Amino acid sequence: MIIQTYDSSKKDEVREVVLGVLLEHGFEYDRLKDGDLKDIEGYYFAKGGTFFVGLSEDGRVVGTAGVRSLGEGSCEIRRIYLKKEFRNKGYGKQLFLAALDFAEKNFSRAVLKTDATLKKAIDMYLKQGFSLLKEEKRASKEEFEYLYFEKSFDKMQ
C-alpha cells in the first residue's frame, strides 16, 4: 500500500471507502457526522490538519486517515478506515502511524474516539502511548459505546 496526501481527484473513492466501512459495521450515512467527506480540504487542510489515502498497487483508494486541528495545539486523529480485503496486513497501522507522525510534528496533543467493539484498534492506540480519557455509554444499554483516548507529545526545546 502506498500512502499519499489526499487530493480532490480521490474524493469519490474516499467517500466510497469510508461509507462502505461504516455500513459494514451497521452505521448509516449521517449528514452531520459525515459532512467532512463533502469538503475534505476545508475540514482538514484549511485548519492545519491533513488527510491521507492508502492506495492499492493499481492506484485505488483502499484506506484513509485524517488529522483535524481542534485549536490550541490539539488535534483529533480520525477516519482510520480500511477496506475489508486489506485488513490484517498492517496497512491500518501504517495509516494510523502516518496520521500520528503528522500529529506529533504539528500539535502538542492528539485525541481520538473509537467504538468500544474495535479491540484491535484500541490495542494499537494503547501500544502507541494513548491513554483512556473517558468512556461514553449507550443511552439504552449498560455497555460502553465509545472510548475517547488522548496522547500528549513531548515538545523538547
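The structure contained in this document is the topic of the report that follows. Predicted, not measured: the structure shown is a model, and the values here were computed from it. (Residues numbered from 1 in each chain as written. Predicted model: local features only at pLDDT ≥ 70, side-chain atom pairs only at ≥ 80, totals over all residues. Heavy atoms only, no water.)

### So, the side chain of Arg 78
Phase 1: Relative to the helices and strands, Arg 78 resides in strand β4 (residues 74-82).
Phase 2: Classification of Arg 78 by relative accessible area gives buried; the value is 17%.
Phase 3: Within polar-contact distance, the side chain of Arg 78 engages the side chain of Asp 36 at 3.2 Å.
Phase 4: For Arg 78, the side chain forms a polar contact with the side chain of Glu 76, separated by 3.5 Å. (Helix = DSSP H or I, 4+ residues; strand = E, 2+ residues; numbered from the N terminus. Buried < 20%, exposed > 50% of the residue type's maximum accessible area, 1.4 Å probe, protein only. Polar contact = N/O pair within 3.5 Å; in protein donor to acceptor, adjacent residues only side chain to side chain.)

### Some points on the packing of aromatic side chains
Phase 1: The full count for this structure, using the stated rule, is 10 aromatic pairs.
Phase 2: Their ring planes at 25 degrees and their centres at 6.5 Å tell us that Tyr 6 and Phe 45 sit as a pair that is stacked. Residue Tyr 6 is located in the loop between β1 (2-5) and α1 (11-24), and its partner Phe 45 is located in the loop between α2 (40-43) and β2 (50-55); the two are separated by 39 residues in the primary sequence.
Phase 3: The exposure class assigned to Tyr 6 is buried, which follows from its relative accessible area of 6%.
Phase 4: Three or more aromatic residues joined by ring pairs form one cluster here, namely Tyr 6, Tyr 43, Tyr 44, Phe 45 and Phe 51.
Phase 5: The ring of Tyr 146 has Lys 113 sitting right over it, with the charged end atom 4.3 Å from the ring centre.
Phase 6: The ring of Tyr 148 carries Lys 134 above its face, with NZ or CZ at 4.8 Å from the centroid. (Phe/Tyr/Trp six-rings, centres within 6.5 Å; stacked < 30°, edge-to-face > 60°. Lys NZ or Arg CZ within 6 Å of the ring centre and 35° of its normal.)

Function cannot be inferred from these measures alone, as they are strictly geometric.
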